[in-house]
Every structure is written in C-alpha cells, then in structure tokens.
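# Notes for the structure review
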Amino acid sequence: MTIYTNDDIRPGAIAGQRIAIIGYGSQGRAHAQNLRDSGFDVVAGVREGGKGWTHARADGIATAEPAEAVRGADIIAMLTPDMAQAEIWTETVEPNAKPGAAILFAHGFSILYERVTPRADMDVILVAPKGPGDLVRREYARGRGVPALFAIHQDATGKARNRAMGYARGIGGAIGGLIETSFREETETDLFGEQAVLCGGAKELVMSGFNTLVEAGYQPEVAYFECMHELKLIVDLFYEGGVSKMHEFISETAKYGAVASGPRIITDETRERMRDVLTDIQSGSFAREWIAENEAGKPKYQAWLEADHAHPIETVGARMRERMAWLQTAKPEAA
C-alpha cells in the first residue's frame, strides 16, 4: 500500500480550476476555507440568506446560489447530507454542470447505492478526510493535516486522478497521509465503523455498563465517571499510540482486568453480530432501510434518538459536566 504525501502530488494539479462547494456544514466549511487558503478559486453554493450563506460570507468565501455555483465550476464538491444528494443532483447539479466537470464526494454512499448516476462526460471522484470538519480546519491552520482517502469511480477526462489528489492536497489531506481506495471500500468500512464500533457499539457499551452499575445499587454519578467520562482518557491513548500505549499507561490491575475480562464482553456471538451488520451494509440492505426510513419521515429514527436522549446517563452526565470548567467552550457545528 502506498501512502501519498504532498511530495507525490503536483502543486498545480488543479491549478486554475474553479471549485464549487455544495453544502456549507462541518466538512463543507472546512474544505472551502482550506482550499481558499491553498490558493484555489472557491465558491460556496448556498441559498441566499441561509445559515450557510451567512457563515460563508463571514469566512470570506465567495457565495452564489447553488445552480449558479455549479454552472461555473470545474470541480463540484457534494458535501451535503447523504439523503439530500439525490434531489440536489437531479435538480441542481446535473442540469447545470458543464461538460467535463468533476463531481466530488466525501463519502461514497450516493454512488455505491445508485442514488446519484453521474453523466458519462463527468469525472466522479472521492476525497474523504478521516476526521470531522472542525479537526480538518484546525489541523490545516496549524500547518498539519488530517489523513484522507481518495478514489476514482469514473475518469471521463483523463484528469480524474489529478483532480482527486490535487483537491486532497488542497485541504491538507496529503500532509496527514493520503491512501487510495474505492468508493465501495470507503463506504462499507465507514458505515461499519460507525455502526459496530464508533457510534453504535461504543454507545451501547457505555449505556449498558452504566445500567449494570446503577441496577447493582451504585451511585449514578460514580457510574457515569467510570463508564463514560473516563472513556476519553482511554480513547486518547488508543489514538496516540494504539493498544500498546494504553497498556503502558494503565495500572497492572487494569491491564489484567482488560485481558482477562474483555473477551467475556466481546464474545464470538458479538463478532457474529458484527458480521451481520457488515453483511447488511454489503448487500445494500442497510442503505435500502435508511432510504425508506427517510422517505417515510423518519419515525423509527426519531423514536430511537429520543430514547437515547432520555437515557439516565444523559441527565446525570449533563449535571456532572456543568462542573467541568474545561468543557465550557464553544462546540463545533454538526455536519
């Protein structure tokens, strides 16, 4: 496997090409500012008077209505939520994109699951930073970068690879290390990671641990500290140096408990459920389910979210975090 850096990408790979950023949320805002600061001609395609328009103007990014931004663009970055992209493609991008333009995604969902079918004359590329937009911007501003993936789905012009790698360089992705993948690999691994480990698995593990302690008669505040608050300390060690660094910085008793009891929690049955989740992603079952849920107005989704927000760990946690002065800072906006 090759990990590309700035030295592997021509500085002028996308010189002179106008880039339209469609969607000015977490990733869109970061990409637009980083590309602008890298010397590229960037315009945010946003509705006049909307939140994205206001933020882009405040950031010093040129703005235009989405259709106008698309008409003048050589590279069109689709950075809106997945479920909005089919309509935006049909109504705004496809009828206005000039021949030979590239359409770029930060996640391959819409292409892999055929929500968007690009014209044959267009390059179809992916650049996916492995971090939230706020981090992508902060690391770039510090002269560093968040690692990124890139992929080519359709090379109509012969320039798709240069466009993807040049764009990645422009947002700082080649400073952190740039890896080539496919739309399928990026999408399926990203969805699996979110569901089985990062967002779904971790959330359920934390809540179940909290419930176990509280049901056994321990104070909810103490259970919160043990099952949620201190998780960040362990994740930071993972992030900085992997499992080995965690082992280095925890007590001997904690290490013994980890290797002795961890496999009692994550069992063969758990791994089988993980394989089930992956199978649903690979077969398209998850995508079909999510698309249908969205089209139905998201009733199950909203009910599940409300149940999470109503969990006792949220009430206890909010009360405890009010006492943590270091947390009382402005929070980054969600995508």
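Up top is the structure.
Summarised in this report is the structure supplied together with it.

What counts and what doesn't
- Residues numbered from 1 in each chain as written.
- Predicted model: local features only at pLDDT ≥ 70, side-chain atom pairs only at ≥ 80, totals over all residues.
- Heavy atoms only, no water.
- Helix = DSSP H or I, 4+ residues; strand = E, 2+ residues; numbered from the N terminus.
- Rg over C-alpha atoms; globule rule 2.2 N^0.38 Å.
- Buried < 20%, exposed > 50% of the residue type's maximum accessible area, 1.4 Å probe, protein only.
- Contact = heavy atoms within 4.5 Å.
- Pairing = 2+ DSSP bridges.
- Axes fitted to C-alpha atoms, helices over the stretch in contact; angles between N-to-C directions.
- Core = buried A, V, L, I, M, F, W, Y, C linked by side-chain atoms within 4.5 Å.
- Phe/Tyr/Trp six-rings, centres within 6.5 Å; stacked < 30°, edge-to-face > 60°.
- Expected span 1.5 Å × (residues − 1).
- Salt bridge = Lys/Arg side-chain N within 4 Å of Asp/Glu carboxyl O.
- Bend = angle between axes of the 7 residues up to and from the residue.
- Disulfide = S-S within 2.5 Å.
- Patch = residues over 30% accessible without salt bridge, like charges linked within 9 Å, V, L, I, M, F, W, Y side chains within 5 Å.
- Areas by Shrake-Rupley, 256 points an atom, 1.4 Å probe, with all protein chains shown as cover.

For the rest of this paragraph, the subject is the overall build of the protein. Each helix and strand counted, the protein has 17 helices and 9 strands in total. Taken over C-alpha atoms, the radius of gyration comes to 22 Å for the protein, in line with the 20 Å a tight globule of 335 residues would show. C-alpha atoms of the protein, sized along the principal axes, occupy 65 × 45 × 40 Å. Relative to its full complement of 335 residues, the protein shows a buried share of 40%. Of the contacts formed within the protein by residues at least 6 apart in sequence, a portion of 66% connects residues at least 24 apart.

The mixed open sheet is built from 9 strands, whose spatial order is β1-β9-β8-β7-β6-β5-β2-β3-β4. In this open sheet, the two strands that pair with only one neighbour each are β1 (3–4) and β4 (62–64). Here helix α4 (residues 82–93) sits on the sheet and contacts β2 (18–22), β5 (75–78) and β6 (102–105); the angle it forms with β5, its principal contact strand, is near 150 degrees.

Bringing the side chain of Thr 80 into the picture now. Position of Thr 80 among the secondary structure elements: in the loop between β5 and α4. Once residues within four sequence positions are removed from consideration, Thr 80 is found in contact with Ile 22, Gly 23, Gln 85 and Ile 88.

A few words on the nonpolar core. Among soluble globular proteins, nonpolar side chains are generally buried collectively. Membership of the largest hydrophobic core comes to 34 residues, with the highest contact counts inside it found for Ile 19, Ile 21, Leu 35, Val 127, Tyr 167 and Leu 178. Looking at this core element by element, the count peaks at 5 residues for helix α7 (residues 160–170). Tyr 167 has contacts with Ile 14, Ile 19, Ile 21, His 31, Leu 35, Ile 75, Ala 77, Leu 79, Leu 104 and Val 127, leaving out every residue within four places of it along the chain. Counting 24 residues, the second-largest nonpolar core is a separate cluster that includes Ala 64, Ile 76, Ala 101 and Ala 128.

The final tally for this structure, using the stated rule, is 5 aromatic pairs. Ring centres of Phe 109 and Tyr 113 lie 4.9 Å apart, and the angle between their planes is 65 degrees; on these two criteria the pair is classed as edge-to-face. A relative accessible area of 1% places Phe 109 in the buried class.

Further remarks concern helix α14 (residues 268–283). Taking 1.5 Å per residue, 16 residues should reach 22 Å; α14 reaches 22 Å between its end C-alpha atoms and fits that length. Just past α14, the residue Gly 284 takes up positive phi, approximately 90 degrees.

Before going further, it helps to spend a moment on the pattern of salt bridges. Considering all chains together, one arrives at 23 salt bridges under this definition. Where Lys 98 meets Asp 74, a salt bridge forms, and the shortest distance between an N and an O atom there is 2.8 Å. Of this pair, Lys 98 sits in the loop between α4 and β6 while Asp 74 is found in the loop between α3 (66–71) and β5, placing the two residues 24 residues apart along the sequence. The class of Asp 74 is buried, set by a relative accessible area of 15%. For Lys 203, the salt bridge identified is with Asp 308, shortest N-O distance 3.2 Å. Linking Lys 203 in helix α10 (residues 200–215) with Asp 308 in helix α16 (residues 299–309), this pair joins segments that are 105 residues apart in sequence. Connected through shared salt-bridge partners, Arg 36, Asp 37 and Arg 137 make up one network.

Turning next to helix α13 (residues 252–265). The first and last C-alpha atoms of α13 sit 20 Å apart over 14 residues, in line with the 20 Å expected at 1.5 Å per residue. At Val 259, α13 is bent by approximately 35 degrees, the largest bend along its length, and proline Pro 263 sits one to four residues beyond. The element α13 is barely covered by neighbouring structure, given that only 0 of its 14 residues are classed as buried.

For the rest of this paragraph, the subject is the state of the cysteines. Going through the model one piece at a time under the given rule, you end up with 0 disulfides. Free cysteine: Cys 199, not disulfide-bonded; nearest cysteine sulfur from Cys 227 at 19 Å. Classification of Cys 227 as buried rests on a relative accessible area of 17%.

So, about a nonpolar patch on the surface. A contiguous nonpolar patch, built from Leu 231, Val 235, Phe 238 and Val 243 and spanning about 310 Å² of accessible area, is present on the exposed surface. Structurally, the position occupied by Val 243 is in helix α12 (residues 231–249).

Once that is clear, we can look at the pairing of strand β7 (residues 123–129). Buried residues dominate β7, accounting for 7 of its 7 residues. Looking at chain direction, β6 and β7 are connected through 4 bridges and run parallel. Residue Leu 104 lies in a different strand from β7, and its bridge partner there is Ile 125. Of the strand pairs in this sheet, β7 and strand β8 (residues 148–154) are connected by 6 bridges, and their pairing is antiparallel. Looking at β8, one finds that Pro 129 is bridged to Ala 148.

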